[in-house]
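Given next are the chains, with one letter for each unit.
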Amino acid sequence: MNLRKRVVLIVYIAFLMVPIYWLINMSFKSNTEILGGLTLWPQGFTLDNYKVIFTDRSWYSGYINSLYYVCLNTIISLAVALPAAYAFSRFRFLGDKHLFFWLLTNRMAPPAVFLLPFFQLYSSIGLFDTHIAVALAHCLFNVPLAVWILEGFMSGVPKEIDETAYIDGYSFPKFFVKLFIPLIGSGIGVTAFFCFMFSWVELLLARTLTSVDAKPIVSVMTRTVSASGIDWGVLAAAGVLTILPGMLVIWFVRNHVAKGFALGRV
Amino acid sequence: MAEIRLQNLAHSYSSQPQGATDYAIREMDHVWEQGGAYALLGPSGCGKSTLLNIISGLLSPSEGDVLFDTRKVNTLSPEQRNIAQVFQFPVVYDTMTVFDNLAFPLRNQGVAESRVASKVHEIAEVLDLHPLLKRKAHNLTADEKQKVSMGRGLVRDDVSAILFDEPLTVIDPHLKWKLRRKLKQIHEQFNITMIYVTHDQLEASTFADKIAVMYGGQIVQFGTPRELFERPQHTFVGYFVGSPGMNLIEVQAREGGVTFGDQHLPLPAALAEQLPGLAAKRLHIGIRPEFVQVSDEPGVGGMLAEAVRVEDLGTYKIITLRLQGHLIKARLPEDQAVPKYEAWVGFPAQWLMLYADDRLVEAQP
Amino acid sequence: MTKTHDNRAWWLVLPVFLLVAFSAILPMMTVVNYSVQDIFDSSTRFFVGADWYRQILNDPRLHDSLLRQFIFSGCVLLIEIPLGIAVALAMPTRGRWASACLIVMAIPLLIPWNVVGTIWQIFGRADIGLLGYSLRELGISYNYASNTRDAWLTVLVMDVWHWTSLVALLCYSGLRAIPDAYYQAARIDRASAWAVFRYIQLPKLKSVLLIAVMLRFMDSFMIYTEPFVLTGGGPGNATTFLSQTLTKMAVGQFDLGPAAAFSLIYFLIILLVSWLFYTAMTHSDQK
């Protein structure tokens with residue numbers, strides 16, 4: 001690796017890591033230390049902020065709620081996208097190109113446009129303030145993406161494998177579950193990664209469709225202004241904790257990241 | 001133009017090679033003479049691509065030396081050795097026109113534009129690329145792209161050798177022979193050293209003056225196609241060259257000849273007298289199907305064999321016979337009568353080869 | 001692959017269709033419905049035709065917001081695309097360092113958007129943030145809350161910090177797909193590093209760059225949370241982009257009619273510009 005490349009890389013990674021370091025730094029300080037003056041590392045190292053989050057129900061329930069609907073969303077998105085992607089990959093049918101294009105345009109829709117309609121829609125069917133509501137709402141954006149990614153990976157598996165399986169006597173469900181899915185394992189991993197990513201980070205819809213029962217952590221964090229001002233320490237700790245699930249997910253799919261990011265389309 | 005010499009060359013991909021199996025290229029000494037058309041023939045995994053990359057400079061050998069005209073070039077890169085290489089799949093600069101593709105190496109060297117134009121036209125003429133000069137390389141067919149790749153190699157005046165790594169792999173079969181002829185024509189016209197790597201013996205024999213057969217990381221024979229056919233120096237050469245390959249039968253030495261099964265086959269004196277010295281080695285006899293004599297009469301030294309099956313290939317037939325439990329093939333001209341159940345086979349001494357540990361035993365003069 | 005023509009495939013696609021239609025078509029119908037009516041309450045509504053559209057299209061707030069949005073998205077693309085390509089080129093090609101880089105670079109992409117805003121909100125303050133403090137110590141005046149230029153810069157740097165990795169990771173995958181033989185041929189042809197980039201790497205990156213440009217354009221055009229948390233849209237309206245304007249109108253002021261009309265126009269703008277990008281980039285190599 002020549003010097004110029006190394007410098008670019010180091011500067012970029014430092015650029016990415018410093019603000020995160022700063023957040024971690026703050027999460028281990030008390031509010032008095034934070035507001036007292038700037039220190040590069042915690043002088044009075046404390047775990048109090050994290051204690052607050054783990055003991056106060058209004059905080060940790062936020063995480064649980066978020067994780068719950070994100071997992072729901074990932075499962076639903078994958079479950080419906082897999083057969084659909086298979087259809088797009090293997091068959092031509094009436095309206096297939098238009099359907100595919102329409103799916104992709106949903107990804108282009110600004111969430112802000114759906115705020116009110118979704119609010120009314122889910123209220124009217126009694127799903128307001130439920131996890132399933134957020135999971136379904138996020139499907140609008142995740143399912144087209146999932147279909148697109150999976151179709152790319154599936155097209156990489158030759159049709160001959162399907163045909164051989166039928167000749168060998170496999171029924172379609174058995175073939176799909178036992179033979180096909182293992183072949184596109186990395187595609188499923190990448191899709192799950194992207195579904196998780198978009199659902200976990202989204203605020204607007206998640207906040208609009210919930211109030212108390214299914215309140216996600218993102219809502220909890222944006223409403224922590226109290227009379228005494230913002231509790232910076234706890235806020236920082238909460239922020240750090242939201243980064244952790246993401247890091248875990250990256251760790252699990254790390255082997256597929258390079259290939260997967262091209263979404264099978266290089 | 002250069003004479004390329006490989007001295008004590010060996011290569012291992014691992015940093016601490018333990019035994020022979022860790023070596024992709026086992027110790028070899030070889031000379032590729034200036035201006036020759038050579039083929040490097042062998043099955044997949046025998047090390048031919050490794051050897052080619054060592055010659056071109058894309059790989060530095062772990063042991064031994066590569067010399068161009070007596071100059072050691074081990075550490076020199078391909079551009080420093082003035083090597084041109086054509087790869088398995090066409091490598092063209094998609095966004096440039098064919099003209100710019102061919103001009104690219106010259107322009108990088110700072111050659112004057114007028115000279116660039118004349119050289120490009122000359123090469124385009126030879127490769128029949130003239131009608132395509134203005135087209136973008138992206139839209140060409142595979143064989144046109146491969147011709148452009150070759151053109152880039154030829155366009156430079158100072159190229160010492162052109163190396164081809166199975167360049168016809170992606171070409172349609174009916175265009176392959178056209179390109180092969182083109183390559184031969186280029187060689188005759190420009191007289192550059194060319195080394196052509198392939199696993200197809202037909203390609204090798206039609207292109208090259210001399211073929212180096214590689215097996216297990218070593219060059220087991222270096223000779224004209226005819227030499228490879230008539231006197232294979234290694235059992236692998238016998239098996240690989242020719243269609244079908246040479247018949248090989250494992251034998252034991254016994255008084256003035258060899259035996260297999262119940263059959264004793266006497267050998268010419270020049271070979272028979274070496275048998276005692278080969279006691280510890282594995283012995284095979286080999287004879288090509290083309291030279292096996294098949295008849296209904298025992299004749300001199302005939303051996304009884306049972307006919308197993310016959311394949312009629314139009315102008316000739318291949319008959320498979322069982323001789324003492326070994327299956328051998330013989331090639332019969334189309335007008336010879338095919339034996340139904342049994343036949344007498346003879347192995348003329350002139351074409352009978354003896355191999356000890358897979359290597360040809362030569363008659364001592 | 002040759003696909004068989006079989007309309008029974010619709011059964012496989014039906015779940016997706018129903019789910020997305022439920023989430024998309026029903027709400028869209030509501031939006032269209034609202035955009036042509038004046039709604040006082042649930043029982044009093046009047047059909048007003050294209051009135052809302054006319055009002056919106058002439059609304060200076062919308063014009064300003066749209067202009068700011070285009071400038072923002074333009075800057076985002078101008079910075080993030082070249083930077084992403086540069087980072088991808090700088091990355092090691094394989095091995096443990098490559099994996100480590102990929103993992104570290106992916107972290108900003110997985111942080112909830114409000115936390116992104118919070119991180120930079122803290123980071124930029126002179127009292128509790130490293131950046132704000134350092135700038136103040138260096139004597140540079142910087143206040144993203146009250147100074148328009150500082151607010152814009154901060155929002156842009158935040159977005160670059162947040163999303164450049166996506167471009168870099170996409171380009172990295174694209175680069176990995178280039179066979180070694182191309183680089184070897186370039187060496188043999190004595191091509192300079194710039195020539196290698198221009199004639200080999202950049203053309204091969206076309207398809208991933210298309211994905212990158214489309215995604216970054218669309219997402220930057222729809223941005224809401226991060227600038228909202230960081231600056232609240234301020235100072236004044238300086239960093240109020242389209243989504244925030246729309247949200248204010250729909251939820252804050254409850255002007256359903258105009259909000260609905262605005263929504264449709266918003267969506268159409270994205271579709272139109274995306275289509276323009278797509279056509280431009282895919283036709284450029286059709287010569």
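All values derive from a computational prediction rather than experimental measurement.

1. Some details on the overall build of chain B
The secondary structure content of chain B amounts to ten helices and 21 strands. Expressed along its principal axes, the backbone C-alpha trace of chain B runs to roughly 75 × 50 × 35 Å. Taking all contacts inside chain B whose residues are at least 6 apart in sequence as the whole, residues at least 24 apart take part in 66%.

2. Description of the nonpolar core
Counting 151 residues, the largest nonpolar core has Ala81, Ala84 and Val147 of chain A together with Cys171 of chain C as the members making the most contacts within it. In terms of residues, this core owes the most to one element, helix H7 (residues 131-155) of chain A, which gives 17 residues. Taken domain by domain, this core gets at least three of its residues from each of domain 1 (1-46) and domain 2 (58-261) of chain A. When residues no more than four places from it in sequence are discounted, the contact partners of Ala81 of chain A are Val143, Ala146, Val147 and Leu150 of chain A together with Val16 of chain C. By size, the runner-up hydrophobic cluster in this structure holds 82 residues, among which are Leu40, Val91, Phe236 and Val237 of chain B.

3. Some words on unusual backbone geometry
Residue and element names in this part refer to chain B. Residue Pro244 is bonded to the preceding Ser243 through a cis peptide linkage, with omega at -5 degrees. Turning to its location among the elements, Pro244 is positioned in the loop between helix H9 (235-240) and strand S11 (247-254). You will see that Thr70, though not glycine, has its phi angle at about 65 degrees, which is positive. The class of Thr70 is exposed, set by 8 C-beta atoms lying within 10 Å.

4. Quick notes on helix H5 (residues 142-154) of chain B
Residue and element names in this part refer to chain B. When the terminal C-alpha atoms of H5 are compared, their 19 Å separation across 13 residues agrees well with the 18 Å that a helix rising 1.5 Å per residue should span. Of all 13 residues making up H5, eleven are buried, and the element is well covered by its neighbours. The complete set of buried residues in H5 reads Glu144, Lys145, Gln146, Lys147, Val148, Ser149, Met150, Gly151, Arg152, Gly153 and Leu154. Those residues of H5 that are buried are in contact with strand S6 (83-86), helix H3 (98-108), helix H4 (113-126), strand S7 (161-165) and helix H6 (173-190).

5. Notes on the interface of chain A and chain C
On the side of chain C, 79 residues touch chain A, which itself brings 80 residues to the contact. Tallying contributions element by element places helix H13 (residues 232-261) of chain A first for the side of chain A that touches chain C, with 15 residues. Classifying every residue of the side of chain A that touches chain C gives 65 nonpolar, eight polar and seven charged. Of the strand pairs in this sheet, strand S1 (residues 91-92) of chain A and strand S1 (residues 4-5) of chain C are connected by two bridges, and their pairing is parallel. Counted as the bridge partner of Phe91 of chain A is Thr4 of chain C from S1 of chain C.

6. Re the interface of chain B and chain C
Contacts between the two partners involve 20 residues from chain B and, on the opposite side, 14 residues from chain C. Elements with a minimum of two residues in the side of chain B that touches chain C: helix H2 (78-81), S6 and H3 of chain B. Within the side of chain B that touches chain C, the residues separate by chemical class into ten nonpolar, six polar and four charged.

7. Considering the sheet that holds strand S17 (residues 316-323) of chain B
Residue and element names in this part refer to chain B. Read across the open sheet, the five strands follow the order S15-S19-S16-S17-S18; overall the sheet is antiparallel. The two strands at the open ends of the sheet, each matched to only one other strand, are strand S15 (293-295) and strand S18 (326-333). Averaged over all neighbouring strand pairs, the angle between strand axes comes to 45 degrees, with direction disregarded. Here S17 pairs with S18 via eight bridges, running antiparallel.

8. Considerations on the domain arrangement of chain B
The domain architecture assigned to chain B consists of domain 1 (4-231) and domain 2 (243-360). Spacing between the C-alpha centres of domain 1 of chain B and domain 2 of chain B amounts to 39 Å.

9. Quick word on the confidence of the model for chain B
Chain-level pLDDT for chain B is 86 on average; 99% of the residues reach the 70-or-more range. Considering each helix and strand of chain B separately, the mean pLDDT is smallest for H2 of chain B, with a value of 80, and largest for strand S3 (residues 37-41) of chain B, with 91.

10. Some words on the packing of H7 of chain A against helix H10 (residues 185-201) of chain A
All names here are of chain A. It is at 9 Å that the axes of H7 and H10 come closest, and there the two elements cross at 160 degrees. Comparing the axis directions of H7 and H10 gives the class roughly antiparallel. Every pair of crossing elements has a handedness; the one defined by H7 and H10 is right-handed. Taking contact as the criterion, the partners of His138, Phe141, Asn142, Leu145, Ala146, Ile149, Leu150 and Phe153 in H7 are, on H10, Gly187, Val190, Thr191, Phe194, Cys195, Phe198 and Ser199. Class assignment for the residues of the contact of H7 with H10 results in ten nonpolar, five polar and no charged.

Conventions and cut-offs
Residues numbered from 1 in each chain as written. Chains lettered and ligands numbered in written order. Predicted model: local features only at pLDDT ≥ 70, side-chain atom pairs only at ≥ 80, totals over all residues. Helix = DSSP H or I, 4+ residues; strand = E, 2+ residues; numbered from the N terminus. Contact = placed C-beta atoms within 7 Å. Core = buried A, V, L, I, M, F, W, Y, C linked by C-beta atoms within 7 Å. Buried ≥ 20, exposed ≤ 12 C-beta atoms within 10 Å, placed from the backbone. Domains from an automatic or database assignment. Expected span 1.5 Å × (residues − 1). Nonpolar A, V, L, I, M, F, W, Y, C, P; charged D, E, K, R; others polar. Pairing = 2+ DSSP bridges. Axes fitted to C-alpha atoms, helices over the stretch in contact; angles between N-to-C directions. pLDDT = per-residue confidence, 0-100. Parallel < 35°, antiparallel > 145°, perpendicular 65-115°, else oblique. Left-handed = near helix turned anticlockwise from the far one by under 90°.

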